[in-house]
Structures are given as C-alpha cells and as structure tokens.
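# Fold and geometry: a report
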Amino acid sequence: VLFALLFLALCLLASVGLFLQQSALSVATNPTSTGQALEEISQRWIPWGRREVDIALAQHPATPHGILGILVESSDDAVVQQVGANPNTPLAVLEKIASGTLTYERVAGLAGNHNISRVIMEQLLIAVSSDVHVTDPVRRSLYKTYVLAALAANSALPQDLFDRLAAIDSPTHFLVLAIINAPHAKCEQMSRLLVSEPSLENASLYNTVMRKLNEIGCPVEDS
C-alpha cells in the first residue's frame, strides 16, 4: 500500500510538473502573447523543462528587454544564440554576447541579426583566425558554416566587410552558398571560388556557382 501511495504521489508530481511546463511553453510560443504575460512566465517556477521555455522566450519578439538581458547570462548556448538572433534584443545585450566566448554555438544567431553594430561584425569576422575557441580546425569549419555564412547573408553587412569575408581561404559549402547569394557579391569574388577553393571540387557546388554567375550575367572563363 505504501509503495502504491508513493507511486501515485510521484505520478501526481510528474503530472503537475508537465502541466506547468506545457502551460508556460504555450504562452512563450504564442506569437500574440504580451510582454507582461511573457515576463510572468519567465518568473514562474517550473520543476523541469525550463530550457524549452527559456529558448521560446529568447525567440519571442515581445519578450521585454530586461528578460532578454537575464537570458543572455544563461550557461546554455542555445538560449544565448536565440537571444542574439532576436530582432528585439537591444544593442547592449548583443554587445554582451559578442564580448563573451565566440563559439559558433553562441553567436550563430548574432551573426544574422540586422541590428548588430559594425564593431560586432568585425569581431565575428576576425575570430575565425584569432580566437582560441575557433582556431581548432573542426571548430573553425563549423564557425564558417554557421557564423560566417549567416554574416555573409546579413544584408546589414557593409561592402568592405563582405569583401574581407568573401576572401577567406577554404570556405565551407554553406559559406560558399551564402557568398554567391549575398546582395554584396561581385562577379570576381564568385569567379575566384571556381578556381581557388578546394571546396569547389564538389561538382554540385561548382555547378551551383556557375549557374549563379550565368544568372546575374557575369563573364565566365573556360576552365
């Protein structure tokens, strides 16, 4: 009997925890939720499943700035990444992300945010060759794929910084695609990819670049 009562108590606790998490998540993911409702959810006790709620709050365009400022202190990179991607995040919070560890897990969202400053863009750009957390070959490749590709696709990126980005050696597959599809891309930058990058040994990617060159009327030399 004691075991049965204990089992029922655990089931009840689990049910309450699930209800609290799901009700909070339903508010945090509702696009019509108000800032006041989101703030209330951020302060609610949730026994488990807090991570999913925090990610949803970080993504919501109506989340109050004060809550975003709290979420950016999270030790969970996925939460910080979503705060960085949120177009409602104030510049001071974006700068806080950029002043921290520049790993792809943390700053991929930041790189695509149209509200980042030129200083932040330069930090993200130079990190691929100077930041200790990016210089490992595998992490460097992932950084190019998730961060620099997002930066290349960011329409707020100034032309001179895009030119520096487009000249980076050995771009990854997704960085190549981001470069050729960026509004800043020049014919010579795309043509350079055809002849100088090992990644273009991939026939499909090579043909994609060729199609893009033809599509925008760039001269193509026979190789």
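Here, every reference points to the structure presented above.
Just so we're clear, the structure is a prediction, and the values are computed from it rather than from any experiment.

### Section: the state of the cysteines
- Following the criterion strictly, the structure yields 1 disulfide and no others.
- Here Cys-187 is linked by a disulfide to Cys-218, with a sulfur-sulfur distance of 2.0 Å. As the torsion about the S-S bond is roughly -75 degrees, the Cys-187-Cys-218 disulfide counts as left-handed. With Cys-187 in helix H12 (residues 187-196) and Cys-218 in the segment after helix H13 (203-215), this residue pair connects regions lying 31 residues apart in the sequence.
- With a relative accessible area of 28%, Cys-187 lands in the partly exposed category.

### Thoughts on the packing of helix H5 (residues 77-85) against helix H7 (residues 104-111)
- Direction vectors running N to C along H5 and H7 enclose 15 degrees, while the axes themselves pass 6 Å from each other. It follows that H5 is roughly parallel to H7 by the angle criterion. Pair H5 / H7 crosses with right-handed handedness. For the pair formed by H5 and H7, the contact residues are Asp-77, Val-80, Gln-81, Gly-84 and Ala-85 on the first element and Tyr-104, Glu-105, Arg-106, Ala-108, Gly-109 and Leu-110 on the second.

### So, unusual backbone geometry
- The phi dihedral of Ser-170 is positive, around 50 degrees, even though this residue is not glycine.
- The class for Ser-170 is partly exposed, based on a relative accessible area of 41%.

### Brief notes about H7
- In terms of residue burial, H7 counts as a mostly covered element, since 7 of its 8 residues are buried.
- Buried within H7 we find Tyr-104, Arg-106, Val-107, Ala-108, Gly-109, Leu-110 and Ala-111.
- Buried residues along H7 sit against H5, helix H6 (91-98), helix H8 (118-130) and helix H9 (137-153).

About the thresholds
- Residues numbered from 1 in each chain as written.
- Predicted model: local features only at pLDDT ≥ 70, side-chain atom pairs only at ≥ 80, totals over all residues.
- Heavy atoms only, no water.
- Disulfide = S-S within 2.5 Å.
- Helix = DSSP H or I, 4+ residues; strand = E, 2+ residues; numbered from the N terminus.
- Buried < 20%, exposed > 50% of the residue type's maximum accessible area, 1.4 Å probe, protein only.
- Axes fitted to C-alpha atoms, helices over the stretch in contact; angles between N-to-C directions.
- Parallel < 35°, antiparallel > 145°, perpendicular 65-115°, else oblique.
- Left-handed = near helix turned anticlockwise from the far one by under 90°.
- Contact = heavy atoms within 4.5 Å.

Bear in mind that shape data such as this cannot, by itself, settle questions of function.
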